[in-house]
Amino acid sequence: MSEKFNVAVVGATGLVGETMISILKERKFPVDELHLLASSRSAGKVVMYGNKRITVQDLADFDFTGVDIGLFSAGSSVSEEYAPKAADAGCVVIDNTSRFRQEKDIPLVVPEVNPEALAGYVNRKIIANPNCSTIQMLVALKPLHDAVGIKKIVVSTYQAVSGAGRRHMEDLAKQTALMMNGRPFESELYKKPLAFNALPQIDVFEDNGFTREEMKMVNETRKIFGDPEIRVNATAVRIPVFFGHSESIYIETREPVTVAQARKLLKNAPGVVLMDDPGKLKYPTPATDAAEKDGVFVGRIRQDLDDDRALSLWVVADNVRKGAALNSIQIAELLVKEYL
């Protein structure tokens, strides 16, 4: 990657946007010019990129001509309006929202799982970044799916509040402080307290009784694995953790699989960090292991008590890093290496 590229970050002052900027520098992405874009409310703010001070520009006034890659993370409505405009100007958009994920002619990519799908970017010059929960689940399940085939997934997620954005993190901190001081629950964002609680609803309920977050995991898994027949049943829960999503995953496989085999496959899998030693109480947690880390951590691998074609796993990852910003930049790295 000797050539350098002009990069725009849309949503540069949000949690994911800030992390994208940091990771671009950490991973020495070949940036020539970096454009930081946000709404008019944030325009004029100054953001550090290494030792360089960059002023945030108003997205509404920005011309994407000459920009090679656009990293979008400012909400679905923003992407719907501006991603096609950027693509028409010659910019390849990597979109972190849900807006384009289920469109057939737009690739939905996790580099460790389906890098070959990236070739489809030529259709519309837009690439979709999957949901954070889907990303970490499929990074962990990919080596198992390749080896023994997965026919069913049952997953319960325990999702950090950062997945909903900075306002929700601030709200959780406020709730916690109030309740620790014996004061009544107050929140502008939640009808029930999240502090010291667990809320089995993320996003709105669909007609089938599942939430939109849960159906994202169903539909995205099928698209990324290229298997419309794979069965996925998801329950998504918000918990009072700031960074790091956790998932309890049960899989049914087409061929028999042992715990030892699964550990060997996962130990050598790209992006996976195996932490599975029950005798030493070794297993990953979001706060102590995943937060601010790039890996997908896997532990608590167990054989089903009655079925040699079924396993349970515990999977943890930083939802803002691997679940959003890092995955987007890994896509960009693959893009410049193989296609641009």
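Quick note: structure is the one above.
About the thresholds
- By convention here, each chain's residues receive numbers from 1 onward along its written sequence.
- This being a predicted model, a pLDDT of at least 70 is required before a residue's local features are given, and a value of 80 or more before pairs of side-chain atoms are given or counted; all residues contribute to the totals for chains, interfaces and linings.
- Just so you know, side-chain values use all the structure's heavy atoms and leave hydrogens and water out.
- By convention in these notes, a salt bridge is any Lys or Arg side-chain nitrogen within 4 Å of a carboxyl oxygen on Asp or Glu.
- Secondary structure elements are defined from DSSP: runs of H or I of at least 4 residues count as helices, runs of E of at least 2 residues count as strands, and each element is numbered from the N terminus.
- Accessibility here uses a 1.4 Å probe with only protein chains present; expressed as a share of the type maximum, an area under 20% marks a residue as buried, one over 50% as exposed, and anything in between as partly exposed.
- Note on ring pairs: Phe, Tyr and Trp rings are taken, using the six-membered ring of Trp, and paired if centres are within 6.5 Å. Classes follow the plane angle, with under 30 degrees stacked, over 60 edge-to-face and the rest tilted.
- Two limits define a charge over a ring: the Lys NZ or Arg CZ must be within 6 Å of the ring centre, and within 35 degrees of the ring normal.
- Two strands pair under a simple rule: DSSP has to find at least two bridges between them.
- Note on geometry: axes are lines fitted to C-alpha atoms, helical ones only across the stretch in contact, with angles between N-to-C directions running from 0 to 180 degrees.
- Any two residues having at least one pair of non-hydrogen atoms within 4.5 Å are treated as being in contact.
- An expected span of 1.5 Å times one less than the residue number is assigned to each helix.
- One axis is fitted to the seven residues ending at the residue and one to the seven starting there. The bend at that residue is the angle between these axes.
- Distance and chemistry together define a polar contact, namely a pair of N or O atoms within 3.5 Å, with one atom able to donate a hydrogen and the other to accept it when in protein, and with adjacent residues in sequence counting only for side-chain atoms on both sides.
- A clockwise course of the path from the first strand over the helix to the second, judged with the strands pointing away from the viewer, identifies a crossover as right-handed.
- The arc in question is traced by the directions running from the helix axis to the C-beta atoms.
- Here, the term nonpolar core denotes a set of buried Ala, Val, Leu, Ile, Met, Phe, Trp, Tyr and Cys residues that are joined through side-chain atoms within 4.5 Å.

1. Some words on the pattern of salt bridges
Part 1 of the argument: In the structure shown here, the tally under the stated rule is 20 salt bridges.
Part 2 of the argument: Of the charged contacts in the structure, one is a salt bridge between Lys142 and Asp146, with a shortest N-O distance of 3.3 Å. Of this pair, Lys142 and Asp146 both sit in helix H3 (residues 132-148), four residues apart, roughly one helical turn.
Part 3 of the argument: The exposure class of Lys142 is partly exposed, given its relative accessible area of 21%.

2. A few points about the packing of aromatic side chains
Part 1 of the argument: Following the criterion strictly, the structure yields four aromatic pairs and no others.
Part 2 of the argument: Residues Tyr158 and Trp314 carry aromatic rings whose centres are separated by 5.9 Å and whose planes lie at 40 degrees to one another, so their mutual orientation is tilted. Pair noted here: Tyr158 is in strand E9 (residues 150-159) and Trp314 is in strand E14 (residues 310-317), with a separation of 156 residues, a long-range link.
Part 3 of the argument: Since its relative accessible area comes to 28%, Tyr158 is described here as partly exposed.
Part 4 of the argument: Taken together, the ring pairs connect Phe62, Phe64 and Phe72 into an aromatic cluster.
Part 5 of the argument: Across the ring face of Tyr49, the terminal group of Lys25 is positioned such that the distance to the ring centre comes to 5.0 Å.
Part 6 of the argument: Above the plane of the ring of Tyr82 lies Lys85, whose end atom (NZ or CZ) is 5.0 Å from the centre.

3. Topic: the sheet that holds E14
Part 1 of the argument: One open sheet holds the six strands; their spatial order is E10-E9-E11-E14-E13-E12, and the pairing between them is mixed. One side of each edge strand has no neighbouring strand; the edge strands of this open sheet are strand E10 (231-238) and strand E12 (272-274). Between one strand and the next, the sheet's axes are offset by a mean angle of 25 degrees, whatever the strand orientation.
Part 2 of the argument: Looking at chain direction, E12 and strand E13 (residues 296-303) are connected through three bridges and run parallel. Following the sheet pairing, Leu274 is matched in E13 by Val298.
Part 3 of the argument: The sheet strands contacting H3 are E9, strand E11 (245-253), E12, E13 and E14, and the helix crosses E11 at an angle near 30 degrees.

4. Considering H3
Part 1 of the argument: For H3, spanning 17 residues, the distance from its first C-alpha to its last is 25 Å, which sits close to the expected 24 Å at 1.5 Å a residue.
Part 2 of the argument: At Leu141, H3 shows its strongest bend, of approximately 45 degrees, with the proline Pro143 following within four residues.
Part 3 of the argument: The N-cap residue of H3 is Asn131: its side-chain oxygen and the backbone nitrogen of Ser133 are 2.9 Å apart.
Part 4 of the argument: Once H3 ends, the next one or two residues include Gly149, with phi positive near 75 degrees.

5. Some points on the pairing of strand E7 (residues 92-95)
Part 1 of the argument: Alternating positions in E7 separate into two faces, Val92 and Ile94 on one and Val93 and Asp95 on the other, with burial throughout.
Part 2 of the argument: Summarising the sheet, strand E6 (residues 69-72) and E7 pair through four bridges and their orientation is parallel. Each bridged residue has a counterpart across the sheet, and for Phe72 the counterpart in E7 is Asp95.
Part 3 of the argument: The handedness of the E6 to E7 crossover, carried by helix H2 (residues 76-88), is right-handed.

6. Brief notes about helix H6 (residues 259-267)
Part 1 of the argument: Looking only at H6, the buried set comprises Val259, Ala262 and Leu266. The arc enclosing the buried residues of H6, seen along the axis, measures out at 60 degrees, which places them on a common side. Residues Ala260, Lys264 and Lys267 are exposed on H6 and point more than 90 degrees away from its buried face.
Part 2 of the argument: Buried residues along H6 sit in contact with H3, E12, E13 and E14.

7. Some points on the nonpolar core
Part 1 of the argument: Counting residues in each nonpolar core, the largest one holds 55 residues, and the members touching the most others are Phe64, Leu141, Ile153, Ile251 and Leu313.
Part 2 of the argument: Considering each element in turn, this core owes the most residues, eight residues, to H3.
Part 3 of the argument: If we ignore the near neighbours within four places in the chain, the residues touching Leu141 are Ile150, Ile153, Phe225, Ile249, Ile251 and Leu313.
Part 4 of the argument: Counting residues in each nonpolar core, the second largest holds 36 residues, with Val16, Leu34, Ile69 and Tyr121 among its members.

8. A look at the sheet that holds strand E1 (residues 5-10)
Part 1 of the argument: Taken in spatial order, the six strands make up an open sheet running E5-E2-E1-E6-E7-E8, and their pairing is parallel. In the strand order of this sheet, the two ends are held by strand E5 (57-58) and strand E8 (126-128), each with one partner.
Part 2 of the argument: Here helix H1 (residues 15-26) sits on the sheet in contact with E1, strand E2 (31-38) and E6, set at roughly 155 degrees to E1.

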